[in-house]
Each structure stands twice: as C-alpha cells, then as structure tokens.
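Descriptive structure summary
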Amino acid sequence: MTKAKFLDDSAIIQAWQAGDTYAFEILYQKYWRKLYSFARRTTPNAEDAQDLIQDVFAQLWMQKEQIDAGVFSESYLFAIVRNKLLDKIRKQYVREDYIQKILQSASESDFSTQQTILSNDLSNHLHQAVNVLPEKCKEVFQLSRFEQLTVDQIAQKLQLSPQTVKNQLSKALQVVRFHLREFATLGLFLLCNIF
C-alpha cells in the first residue's frame, strides 16, 4: 500500500491489523512528534519523554488486535500518553515519599543510636575525670553539676565559704575540661559525620 491510501487513522489501523507493518510506521511518523511535545510539557527530562512515547507505541504494538479501528483517534493516543504520565507521576511520588520515609527513619535511628553511644561515652569520660579530682574538689563538683546545688547551698552543706566553693569549682572545671578535651573533639567529629 502507498502512503496516499492511508487517508485516515481507521484505514491505517485496519491495514496494520491486516499485517502491513508499513502502516504502523505511518502511524508512528504521524503522531510521534505531537505526542512527544505533549509529554515533554509535563516531563522535565527529554529522555523520559522519549521513553514514555516509545512505551505508548510498544503498548499499541502489543495490543494491535484489541484496537477498534473505528474508535481509534488522535484523542485515543493522547489519552494513553496522559494515563502513562499520571502513572509515572504517581509512581515517582510514591517512590520519593517512600525514600523520604526510609531516610528519615534511618537517620532518626542512626542519630538516636549515635547519640546514645556518645552520651554513654561522655558519661564514662566525665566520671573518670571527676575521679581524679581531690576529694573536696570532687564533692563540690558533684554537688554543683550532678545535684544542681547553687554555690551558697554547697557552702552551707559543706560548711565552707562561698569563695572557697567557687575556687574548688573553678579548679574542678579546669581538670574536667582538660580530661574531656579529646572526647569533645571526637564527639564533634562523629556528630559532623552523622549529618
């Protein structure tokens, strides 16, 4: 058959269904660019739009026998493209939502685990640092930091002057900071790598 004999879509479909593969080529040439332009308006990636249109024509090829030549039209093709676009958007949305949930749950879990480990390590390092303090200094530090007592409350409880409590606390903080400096650097490094 010549191209001139394919006056309308129904003649093209009938010829194609009768075994004329050239008719399918005519159909492809007639609609490919229009369908691609339509898909390209909603698909930011040109390759995705091309793949989608190839899928449309592959679907037509596979369903050749089910196509009603009397009903087939340009609108029919655009409806297939539109449905494929909607499916793609739905799948992309579900995939992105799923990925976000996985990432969120993974980072919450990883962060929670890392935070627990760092917290336990800090606690161990802190107790080691406090244990090297002189007895009175250690007692002042524990009352201040662990029991949250004020300088005046510590002074009253230990029967010391407030200035002595401040001096002991200052000395304790210097020692503790010195012992925790390496841990602080490691903790900061680990926290930066979490994010």
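Higher on the page you've got the structure.
In this convention, every chain numbers its residues from 1, walking through the sequence in written order. Given that this is a predicted model, residues contribute local features only at a pLDDT of at least 70 and side-chain atom pairs are listed and counted only at 80 or more, while totals for whole chains, interfaces and linings are drawn from all residues. The basis for every side-chain value is the complete set of heavy atoms in the structure, and neither hydrogens nor water enter the calculation.

**Brief notes about the packing of aromatic side chains**
In this analysis, rings of Phe, Tyr and Trp, with Trp reduced to its six-membered ring, are considered paired at centre separations within 6.5 Å, and the interplanar angle assigns stacked below 30 degrees, edge-to-face beyond 60, and tilted for intermediate values. Under the defined criterion, the tally for this structure stands at ten aromatic pairs. When the ring of Phe 24 is compared with that of Trp 61, the centres are 4.9 Å apart and the planes differ by 75°; the resulting orientation is edge-to-face. Here Phe 24 is found in helix H2 (residues 21-42), whereas its partner Trp 61 is found in helix H3 (residues 46-62), with 37 residues between them in sequence. Between the aromatic rings of Phe 72 and Tyr 76, the centroid separation amounts to 5.3 Å while the plane-to-plane angle is 55°, which identifies the pairing as tilted. By the ring-pair criterion, three or more aromatic residues cluster together here, those being Trp 16, Phe 24, Tyr 28, Trp 32, Tyr 36, Phe 57 and Trp 61. Criterion for a charge above a ring: Lys NZ or Arg CZ within 6 Å of the ring centre, and within 35 degrees of the ring normal. Geometry around Trp 61 places Lys 64 over its ring, the cationic atom sitting 5.6 Å from the centre. Runs of H or I in DSSP of at least four residues are treated as helices and runs of E of at least two as strands, each being numbered from the N terminus.

**As for the packing of helix H5 (residues 135-146) against helix H6 (residues 151-158)**
Orientation of H5 relative to H6, taken along the N-to-C sense of each, is 135°, at an axis distance of 10 Å. Classed by the angle they form, the pair H5 and H6 counts as oblique. Relative to H6, the crossing made by H5 is right-handed. Facing H5, whose interface residues are Glu 139, Val 140, Leu 143 and Ser 144, H6 presents Ile 154, Lys 157 and Leu 158. In this classification, Asp, Glu, Lys and Arg are treated as charged, Ala, Val, Leu, Ile, Met, Phe, Trp, Tyr, Cys and Pro as nonpolar, and every other residue, Gly included, as polar. Of the residues assigned to the contact of H5 with H6, the class counts are four nonpolar, one polar and two charged. Lines fitted to C-alpha atoms define the axes here, with helix axes fitted over just the stretch in contact, and angles between the N-to-C directions of these axes take values from 0 to 180 degrees. Throughout this description, any angle smaller than 35 degrees is read as roughly parallel, any larger than 145 degrees as roughly antiparallel, any in the 65 to 115 degree range as roughly perpendicular, and the remainder as oblique. Crossing handedness follows the turn of the near helix against the far one: under a right angle anticlockwise gives a left-handed crossing, and clockwise gives a right-handed one. Residues are treated as being in contact if the distance between any of their heavy atoms lies within 4.5 Å.

**Thoughts on the nonpolar core**
Within this scheme, the nonpolar core is defined by two criteria: the residues are buried Ala, Val, Leu, Ile, Met, Phe, Trp, Tyr or Cys, and they are joined through side-chain atoms within 4.5 Å. Accessibility here uses a 1.4 Å probe with only protein chains present; expressed as a share of the type maximum, an area under 20% marks a residue as buried, one over 50% as exposed, and anything in between as partly exposed. In this structure, Leu 27, Ile 53, Phe 57, Leu 60 and Val 81 are the most contacted members of the largest nonpolar core, which totals 26 residues. Of all the secondary structure elements, the ones that give two or more residues to this core are helix H1 (9-17), H2, H3 and helix H4 (74-131). Looking at this core, the element that brings in the most residues is H2, giving nine residues. With 16 residues, the next largest nonpolar core counts Ala 129, Phe 141, Ala 172 and Leu 173 among its residues.

**As for the side chain of Asp 20**
Looking at the secondary structure, you find Asp 20 in the loop between H1 and H2. Neither His nor the chain ends contribute to the count of charged residues, in which Lys and Arg are positive and Asp and Glu negative. Salt bridge, as used here, is a side-chain nitrogen of Lys or Arg placed within 4 Å of a carboxyl oxygen of Asp or Glu. Lys 64 is the oppositely charged side chain nearest to the buried, salt-bridge-free Asp 20, at an N-O distance of 9.7 Å. We define a polar contact as two N or O atoms separated by no more than 3.5 Å, with the added condition that, inside protein, one atom must be a possible hydrogen donor and the other a possible acceptor, whereas residues neighbouring each other in sequence contribute only through side-chain atom pairs. Within polar-contact distance, the side chain of Asp 20 engages the backbone nitrogen of Tyr 22 at 3.0 Å.

**Some details on unusual backbone geometry**
The backbone of Gln 148 sits at a positive phi, close to 60°, despite the residue not being glycine. Examined against the element boundaries, Gln 148 turns out to sit in the loop between H5 and H6. Looking at Gln 148, the relative accessible area reads 60%, which means it is exposed. One non-glycine residue, Gln 159, lies in positive phi territory at about 55°. Here Gln 159 is to be found in the loop between H6 and helix H7 (162-194). Residue classification places Gln 159 among the exposed residues on the basis of a relative accessible area of 74%.

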